[in-house]
Amino acid sequence: MKRTILFFLLTLAFGALALAQNNEEILIKNATVMTASHGTIEGGAILIRNGKIAAVGKVADVKAGANAKVIDATGMYVTPGFVDSHSHSGLDGTNEGTLSNTGMVRMGDVINPLDPNLYQRLAGGMTLIHQLHGSANAIGGQNSMIKLKWGRPVSEMLIPDAPRTIKFALGENPKRSNGLALPGAARRFPATRMGVEEVIRESFTQGREYLAKWDEYELAKKRGEDPLPPRRDLKLEAMADILKGKIDIHSHCYRADEIVMLLRLCEEFGVKVRTLQHTLEGYKVAPEIAKHGASASILPDWWGYKMEAYDAIPYNAAIMTRRGIVVSIHSDSADYGRRFYMEAAKVMKYGDLTEEEALRLITLNPAIQMRLDKRLGSIDVGKDADLVLFNGHPFSVYSRPEVTMIEGVVYFDRKKDLENRAVLAKEKKELIEKERRTPGVAQPTTPPQPVIPTWAEEEELDPHGAPVRKIRQ
Amino acid sequence: MKRNSLLRLACAAVLTVAAILSVRTGSAQGEAFAIKGGTVVTVTGATIQKGTIVVRNGLIQAVGADVPIPGDARVVDATGMTVYPGLIDAHTTYGVRQDAAPAGGGGGRGGGAPGADPSQFILAQLAAQSAQPSGAGLLPEVSVVDQLQPVTETSFETQRAAGFTTALTAPRTGVFQGQSAIINLGTDAAEKLILKAPVTLNATLGSGRGFGGSYPGSPMGVIAFLRQSFLDAQHYREEWSRYNKNPRGMQRPQVNKSLAALQPVINGEMPLVITANSQREIERAVALADEFKLKLYVSGATQSYMNADWLKSKSVTVLLSLSYPQKPAGLEDPESESLRTLRERADAPKAAAALQKAGVRFAFTSGTLARPADFIANAARAIEAGLPKDEALKAMTIYPAQIFGLAEQLGSIEKGKIANLIVTSGDIFAKDTKVKHVFVDGKYFEVKAEAAPQQRPGGFGGPGGGRGPGGGRPGGAPPSAPPSDAAVSSGAGLAAGSWTLTVASPRGEMKLTANLQQNGEAITGELNLQFGSAPITKGSIKGNEIELEYTLTTPNGQTMNGTLKGKIEGASISGQMGMMGRNSEFTGSKTPKE
């Protein structure tokens, strides 16, 4: 374990060193290109120009300029960079769990570009994550989407003009069945599934009233009056933007009954659920989900870890896909996020999805759910050159990513990473030695001042609802 | 609001009266001193060799090489020594009551701020439904002026011994911590020490109020809360400006003291100080200030060496902490630390030079340093890392004076400025230099050798420690005693008895008692916390090292397990207490038998 940690720590600064120019042409040739949109091309080539895919096809059909940098990928497989539609990595917080509706908080405010897990994911071929608020409350915070441009500032990681999304949560987490109530702490409403529904209905209703207030204001202005603008309320503004279709709902859910509840509730308010997250019992109500137009993001083979997860089946992805639902696989885990392609491979076993259908679950389909499919998610001309070069078939347990690039820039190169480890180890040794030589006197400090005195860290639920105590570094 | 402004008025009145008195009477206030023969580092002008400074009525009456010494002046011979302006610490909590918790539920400053017992506060918090948010920690109208404790002769003794005569002091806790003041570190009544209040509004981007508290309880919640507050303040401004322009026929807007207190901040008149140390926290603070066009001072700014040029482009002022990250005590395997951590520790002293080079306006603060004396030693490390020496001196004298709008009164040795002066045995940044004499508001303080700061046991401030009264005796607790005979063997019932422990929990100090019985190496008994009692389920002592496990039962019948590990030295104990997956330092002592 210690060695593993060391390994990743040593690679931390690596991304910055690996940056290449993205203005040049890059030609990847002699690869098996798995496009995720139009089949697999044996003996294929991809031409990258200005970070975009300029051409893709058989080697003979792809022509590069004389100055193009050529990567000979003989024996290698190329896939689109993997997209995780449900992650909590690279954030300094997970839940604002104090209220049942915290639609005003934004995960984009607390991105941590130095989370080593971002680099671990990159080393596993991932290039984009959807950073979700946790599932502690019925309506959580607004989410963010970042590309894993390791070593670059947050401003460069964020997708420009990314679609806005918000986290909802149903079932045991928001009603706090599994949470550890603290001494003397009163339970927060809601405590039942009916209560969760009520929180959402009430929030939508408040959003409607808020919209009406602003409409009235705009009308008065049109009449030539000079009214005082209504107070801007960031929570209600988020509710209003949901009602107007400007913010997509990504809702944590497990059970069939609550899935149907949410779909109906949203329909009542003229809102579409964009993506159901986890969706363990989605297979039971696939026609209803398809009819609503929602997509589903799932954990392929997790079940039984809590009461509401008992009815999960590994055929879920296949059944929903066959019903016409856009299905994706998500990690919701720092661990699974770094070997994401194995998750897709599982679904070929259960339910006989084709190789390309399985690949789409971790590339094009999550991109569709995040409304980024026009930009990325498959190897097509005009899309971002977010690519992974595998040393073998990506669904084989014996394969591993050798190179991961984002917009034509290499952010992970296994060979360079291995070479660089000695350099970093040397630097570390020198720093330790330097400190040893100048020990200094320990300077007492006062502990960081608390906001209020209490024993408890903020409560966090692990992705699947079990309470954990997360100690921040 | 009313109480607040009344107090302000009272303070202003006191200041005015004090000024008049000092001119008229010249008794205690009129005492005159002449500091002669020393090297006078004026900071703003040329350094004077063998200069004389005449101090009268709390002000510098004259300074120069050929200044006559008035007949009534007490002469301080500074031959061979160096005279500097008194040092200014740009962000502290000096003089603030230790127990000054943020105003309690029900809103309003005064609603529980003075004398609030933290444990009572917890109970109140826990009892409160999270759906009924209290204002604790969220009130920008809170002022440090209302939290200052009575000043005694020994208040600020440690600070003066380290060369400090002035500090920005601010409330300790909160998302909005409240409004700060500049105080002189003398021995007058607190009201007389105030040079300026309010100076800044202070805020933090920490993780909020935690579970059991109400919104905001997370880093993103804190930012959302601050954003909404500034939006509300803007709306309040709009509402009142419309009403004031044309009150006839318009419904009167409601007065809100929090939003009123934010007005000077959103109008860019009062700086907002945000404590932020990591690069990304600094970026968040700047983004927030940009969004609302606020005048931002970043306090802490440990990692500002990473983005100094960018801070310059954003016109940010930095109150740079000289509390550098340190190697954790008792680190067994140095390899277990990440390269990044090691780099951050090695690079921290470079921040000042980076800021200076980039042209960022900055001043030094002692940050979380418990011993003011470490301030100078750490400034010397910044000089080693490339900061010009004169800039280092300015960053603790004239720069903070300019930053806080007090350059006419403070920060240099000039005629007419407040007589805050220090006389040192030599160059202030040299290793063996000692502060010999200190003047605060023209009042003379001799620095006794005993006042030299001592190592505090356990590292963290004990009760009353560090920044409060009794600064000359840090920690309030006895300094770490050599192991007494009793500490050598545990057989004698070393642990038995009643102990009072103070735990530096992540969210504040907590007191508890431990009643222990000892039988050989076995320990039994119970811990009493304010919100429940905890029988010891397993306990042992080996040598002087004690290890306990306990189960806490809370008022609502829940149970949870915890640990306590400590070392007993005589009648003192210190160590770590573990609960809910986190360890907190504690210190304590045995209650004498009656």
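For the structure, check the block above.
The model shown is predicted, which means the values in this text are computed figures rather than measured ones.

Enquirer: Honestly, the overall build of chain A in this entry has me stumped. Any pointers?
Expert: The helix and strand inventory of chain A stands at 13 helices and 19 strands. Taken over 473 residues, chain A has a buried fraction of 53%. For chain A, contacts bridging at least 24 residues in sequence account for 69% of all contacts bridging at least 6.

Enquirer: What should I look at first to understand the overall build of chain B in this one?
Expert: Along its length, chain B carries 14 helices and 26 strands. Within chain B, the proportion of its 594 residues that are buried is 53%. A fraction of 62% describes how many contacts in chain B between residues 6 or more apart in sequence connect residues 24 or more apart.

Enquirer: I would appreciate a short explanation of the pairing of strand S13 (residues 296–300) of chain B in the present structure.
Expert: A regular strand places its side chains so that they alternate between the two faces of the sheet. All names here are of chain B. The buried count for S13 comes to 5 of 5 residues, which makes it a mostly enclosed element. As paired elements, strand S12 (residues 272–276) and S13 share 5 bridges and run parallel to each other. Counterpart to Ala-276 in the pairing with S13 is Gly-300. Of the pairings in the sheet, the one linking S13 to strand S14 (residues 317–321) comprises 4 bridges and is parallel in character. Residue pairing across strands places Gly-300 opposite Leu-320, the latter belonging to S14.

Enquirer: What should I look at first to understand the sheet that holds S13 of chain B in this one?
Expert: Strands pair in a sheet through their backbones, by hydrogen bonds, and they do so in one of two ways: parallel or antiparallel. Residues and elements named next belong to chain B. Reading across from one edge, S8-S11-S12-S13-S14-S15 is the order of the 6 strands in this open sheet, with mixed pairing throughout. The sheet terminates laterally at strand S8 (176–179) and strand S15 (362–365), the two strands that pair on one side only. The average undirected angle you get between the axes of adjacent strands in this sheet is 20°. By the bridge criterion, 4 bridges tie S14 to S15 in an arrangement that is parallel. The residue of S15 that forms the bridge with Leu-320 is Phe-364.

Enquirer: I would appreciate a short explanation of the packing of helix H5 (residues 219–245) of chain B against helix H6 (residues 257–266) of chain B in the present structure.
Expert: A pair of packed helices is captured by two measures, namely the crossing angle of their axes and the spacing between those axes. Residue and element names in this part refer to chain B. Where H5 meets H6, the closest approach of the two axes is 9 Å, and the angle between their N-to-C directions is 95°. With respect to their mutual orientation, H5 and H6 come out roughly perpendicular. Taking contact as the criterion, the partners of Ser-229, Phe-230, Asp-232, Ala-233, Gln-234, Tyr-236 and Arg-237 in H5 are, on H6, Leu-259, Leu-262, Gln-263 and Ile-266.

Enquirer: Got a minute to help me understand the sheet that holds strand S7 (residues 126–131) of chain A in this structure?
Expert: Residues and elements named next belong to chain A. The sheet built from 3 strands is open, its strands ordered S6-S7-S9 with mixed pairing. Each end of this open sheet is capped by a strand with a single partner; those strands are strand S6 (82–87) and strand S9 (144–147). Each strand axis lies, on average, 20° off the axis of its neighbour in the sheet, ignoring direction. Across 4 bridges, the pairing between S6 and S7 is parallel. Along S7, the bridge assignment pairs Val-83 with Leu-128.

Enquirer: Would you mind going over unusual backbone geometry with me for this structure?
Expert: A negative phi angle is the norm for most residues apart from glycine, just as the trans form is the norm for most peptide bonds. A cis amide bond links Phe-189 of chain A to the next residue, Pro-190 of chain A, at an omega of 0°. Residue placement: Pro-190 of chain A occurs in the loop between strand S10 (164–169) and helix H5 (193–222). Residue Ala-197 of chain B is joined to Pro-198 of chain B through a cis peptide bond whose omega torsion reads -5°. With respect to the helices and strands, the residue Pro-198 of chain B is situated in the loop between strand S10 (194–196) and strand S11 (201–204). Although it is not a glycine, Ser-315 of chain B adopts a positive phi angle of roughly 55°. Among the secondary structure elements, Ser-315 of chain B is positioned in the loop between helix H8 (308–313) and S14.

Enquirer: Help me out: how do you make sense of helix H3 (residues 116–123) of chain A in this one?
Expert: Helical geometry note: an α-helix holds 3.6 residues per turn, so side chains three or four residues apart project in the same direction. Residue and element names in this part refer to chain A. Counted residue by residue, H3 has 7 buried out of 8 residues, so it is predominantly covered. Every buried residue of H3 is listed here: Asn-117, Leu-118, Tyr-119, Gln-120, Arg-121, Leu-122 and Ala-123. Backbone geometry just after H3 places Gly-125 at a positive phi near 85°.

Enquirer: Can you help me understand the packing of H5 of chain A against helix H7 (residues 256–268) of chain A in this one?
Expert: All names here are of chain A. Orientation of H5 relative to H7, taken along the N-to-C sense of each, is 20°, at an axis distance of 11 Å. Taken together, the axis directions place H5 and H7 in an arrangement best described as roughly parallel. Here H5 and H7 pass one another in a crossing that is right-handed. Between H5, through Arg-193, Glu-197, Ile-200 and Arg-201, and H7, the contact on the second element is made entirely by Glu-258, Met-261 and Leu-265.

Enquirer: How should the environment of Asp-248 of chain A be read in this particular structure?
Expert: Residue and element names in this part refer to chain A. Structurally, Asp-248 is set in strand S11 (residues 247–253). Classification of Asp-248 as buried rests on a count of 20 C-beta atoms within 10 Å. Linking Asp-248 and Arg-164, residues 84 residues apart in sequence, is a C-alpha distance of 6.3 Å.

Enquirer: So what exactly am I meant to see when it comes to the nonpolar core here?
Expert: The nonpolar side chains of a soluble globular protein tend to be buried with one another. Ile-46 and Val-78 of chain A together with Val-298 of chain B are the most contacted members of the largest nonpolar core, which has 251 residues in total. A per-element tally of this core places H5 of chain B first, with 9 residues. Sequence-distant contacts of Ile-46 of chain A, that is, excluding residues within four places in its chain, are made with Ile-28, Val-33, Ile-53, Val-56, Val-78, Ile-379 and Leu-387 of chain A.

Enquirer: Looking at this structure, how should I read H6 of chain B?
Expert: All names here are of chain B. Of all the positions in H6, only Ser-258, Leu-259, Ala-261, Leu-262, Val-265 and Ile-266 are classed as buried. In a view along the axis of H6, the buried residues occupy a sector of 155°, so they form one face of it. On its buried face, H6 sits against S11, H5, S12 and helix H7 (279–292).

Enquirer: What am I meant to see in the environment of Val-196 of chain A here?
Expert: All names here are of chain A. Mapping Val-196 onto the fold places it in helix H5. The spacing of Val-196 and Glu-172 is 24 residues in sequence and 9.7 Å in space, taken between C-alpha atoms. Val-196 has contacts with Ala-138, Leu-170, Pro-174, Lys-175 and Pro-190, leaving out every residue within four places of it along the chain.

Rules used throughout
Residues numbered from 1 in each chain as written. Chains lettered and ligands numbered in written order. Predicted model: local features only at pLDDT ≥ 70, side-chain atom pairs only at ≥ 80, totals over all residues. Helix = DSSP H or I, 4+ residues; strand = E, 2+ residues; numbered from the N terminus. Buried ≥ 20, exposed ≤ 12 C-beta atoms within 10 Å, placed from the backbone. Contact = placed C-beta atoms within 7 Å. Pairing = 2+ DSSP bridges. Axes fitted to C-alpha atoms, helices over the stretch in contact; angles between N-to-C directions. Parallel < 35°, antiparallel > 145°, perpendicular 65-115°, else oblique. Left-handed = near helix turned anticlockwise from the far one by under 90°. Core = buried A, V, L, I, M, F, W, Y, C linked by C-beta atoms within 7 Å. Arc of directions from axis to C-beta.

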